[in-house]
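Commentary on secondary and tertiary structure
Spelled out, the chains give:
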Amino acid sequence: MKLLPTLFLAAFFAFSSFAQTNSPTWNTFLSDLQKAQVEYSTHYSEKKYQQAATVLSTVATTLDNLKLTEKEKQEFQPIIKDVYANVYYNLACLQSLLNEKKQAITSFEKAIVWGYKDYQNALNDTDLTNIRKEKKFIKAFSQLKQYDKLFLLQQSGKYISENKGSSLPAFNYQTANDHNLKEVKRYFNLDSIAGKGDEVSKIINIMLFVTNSIKYDGTNWALCEFDAIDFYNYHKATGKGINCRHKAMTLNEMYLAMGFKSRYVTCMPKDDTDTDCHVINSVYSETLKKWLWMDPSHGAYVMDENNNLLSIEEVRERLISNQSLKLNTETKVTKIWYLDNYMAKNLYWIQCTNKSQFNTESRYRQADTDLQYISLIPTGFDKDSNKYLKNNAITHDPAYFWKSPEVKN
């Protein structure tokens, strides 16, 4: 089971969260839904499953009888479907916990009809244990496999070696003696933050500093210049968090300031109607002679079964081949949600800038006219119809995209 406030949050943001619309009927429904979410969450946490189920049934009945115009129905259809899907899914969980198997399966089937697609959540949700062996549930559950983010990644095309010569841009990394990066190092006292350990421990310490010192808010686009010092001061001045792209930009400049070659990497889904992507960092370890996955938004890095730190490329390959992966103990996210679901969705194709430097994508200062976006995509991916790939340099070759900074271009 998922708590309703979490489930509906993304949908509500599409409608300016709970902002008032021009429909009094819809506004009243949203207000009542907020109250229902609180009531439901309280009952569920107290294991009062029958009361929680009553709350959800009331939400569904209210939505059934909502008097909306045809124009309003069309306008609010996406969120209506999302509410129905998640109400019926959670109702199925409650009915399963109450051992009402027939009703639970019916609710689960309704959830799918209304568009419920979270395969991994349904697969691992212990609330559904009582009905998991029922034939009708097995049949309904099998319909979700096609939406599994990990399954979709595993069906992606292969990478191939290419020989495009000078047609592809080179990756460049600003050196630590740049005056702006020197100021970043001084301002944050990065030597102290990095500590006196080995190179890898310094890389991890700086990442965790960004995680813990600047609040994360995936929905907020910071109203400041896009550099580490301004992002930090924006958070301190407003109390607001910054999104994953801004977090990764911040960490990227700190790494460069310490002499580590680094990029911020945009990890993208296959579906270009899906506006949710995730931006993390790839930092090169001279000691290990490899790129390392660092996510300052979630304070996460990824390891294999022997605790070896992995790169973005290695994590993607291991997800596809169902090999062992685990996260560091400091992160608060789970491996199932973060890797098998969220990042499996967002590792379909990958994008970087050709330049890694201070204030790479300036908001207010003069733009860098030589800045290019380079995308690594699997074969068979329709690059022409994807709006986010327009004007990108395109490659299918991971050897080029993940070239060691030690190798001259």
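This text gives an overview of the structure that appears in the document. (Residues numbered from 1 in each chain as written. Predicted model: local features only at pLDDT ≥ 70, side-chain atom pairs only at ≥ 80, totals over all residues. Heavy atoms only, no water.)

In this section: the packing of helix α9 (residues 179-188) against helix α12 (residues 228-238). For the pair α9 and α12, the least separation of the axes is 9 Å and the interaxial angle reads 35°. Contacts from E183, V184, Y187 and F188 in α9 reach A228, I229, Y232 and N233 in α12. A breakdown of the residues in the contact of α9 with α12 according to their chemical character gives six nonpolar, one polar and one charged. (Axes fitted to C-alpha atoms, helices over the stretch in contact; angles between N-to-C directions. Helix = DSSP H or I, 4+ residues; strand = E, 2+ residues; numbered from the N terminus. Contact = heavy atoms within 4.5 Å. Nonpolar A, V, L, I, M, F, W, Y, C, P; charged D, E, K, R; others polar.)

For the structure shown, the criterion picks out 18 salt bridges. Where K145 meets D148, a salt bridge forms, and the shortest distance between an N and an O atom there is 3.9 Å. One salt bridge connects K185 with D191, and the closest N-O pair in it is separated by 3.8 Å. On the basis of relative accessible area, K185 is assigned to the partly exposed category, the value being 30%. Among the charged side chains, a network of salt bridges with common partners joins E225, D227, D230 and R365. (Salt bridge = Lys/Arg side-chain N within 4 Å of Asp/Glu carboxyl O. Buried < 20%, exposed > 50% of the residue type's maximum accessible area, 1.4 Å probe, protein only.)

With that out of the way, let us pick up the nonpolar core. Counting residues in hydrophobic clusters, the biggest one holds 76 residues, and the most contacted among them are W293, M294 and L339. Per-element tally for this core: the top contributor is helix α13 (residues 244-257), with eight residues. Residues Y40, F76, Y84 and A85 belong to the second largest nonpolar core, which totals 43 residues. (Core = buried A, V, L, I, M, F, W, Y, C linked by side-chain atoms within 4.5 Å.)

Note on placement: H278 falls in strand β3 (residues 278-285). The exposure class of H278 is buried, given its relative accessible area of 0%. Of note is the side chain of H278, whose polar atom sits 2.8 Å from the side chain of D295. Excluding residues within four positions of it along the chain, H278 makes contact with Y216, C244, V265, T266, C267, D295, S297, H298, Y342, M343 and N346. (Polar contact = N/O pair within 3.5 Å; in protein donor to acceptor, adjacent residues only side chain to side chain.)

We now examine helix α2 (residues 24-45). Given a rise of 1.5 Å per residue, 22 residues ought to cover 32 Å, and the 32 Å separating the end C-alpha atoms of α2 matches this to within 8%. Taken from the residues just after α2, K47 is the one with a positive phi, measuring 60°. (Expected span 1.5 Å × (residues − 1).)

This next bit is on the packing of aromatic side chains. One pair of aromatic rings is described through two measures. These are the centre distance and the angle between the planes. By the definition in use, this model includes 28 aromatic pairs. Ring plane angle 45° and centroid distance 4.7 Å describe the contact between F108 and F137, whose orientation is recorded as tilted. Of this pair, F108 sits in helix α5 (residues 101-113) while F137 is found in helix α7 (residues 135-142), placing the two residues 29 residues apart along the sequence. With a centroid separation of 5.0 Å and an interplanar angle of 85°, the aromatic rings of F401 and W402 are classed as edge-to-face. For W402, a relative accessible area of 9% translates into the label buried. Following the ring pairs from residue to residue traces out a cluster consisting of Y89, F108, Y116, Y119, F137 and F141. A cation over an aromatic ring shows up here: R263 above the ring of F171, its NZ or CZ 3.8 Å from the ring centre. (Phe/Tyr/Trp six-rings, centres within 6.5 Å; stacked < 30°, edge-to-face > 60°. Lys NZ or Arg CZ within 6 Å of the ring centre and 35° of its normal.)

Let us look at the pairing of strand β9 (residues 373-376). Remark: a regular strand shows side chains that alternate across the two faces of the sheet. Note: strand β7 (residues 349-353) against β9, four bridges, orientation antiparallel. Directly across from Q351, in β9, lies its bridge partner S375. Two elements, β9 and strand β10 (residues 393-395), share three bridges in a ladder whose sense is parallel. Bridged to L376 within β10 is T395. (Pairing = 2+ DSSP bridges.)

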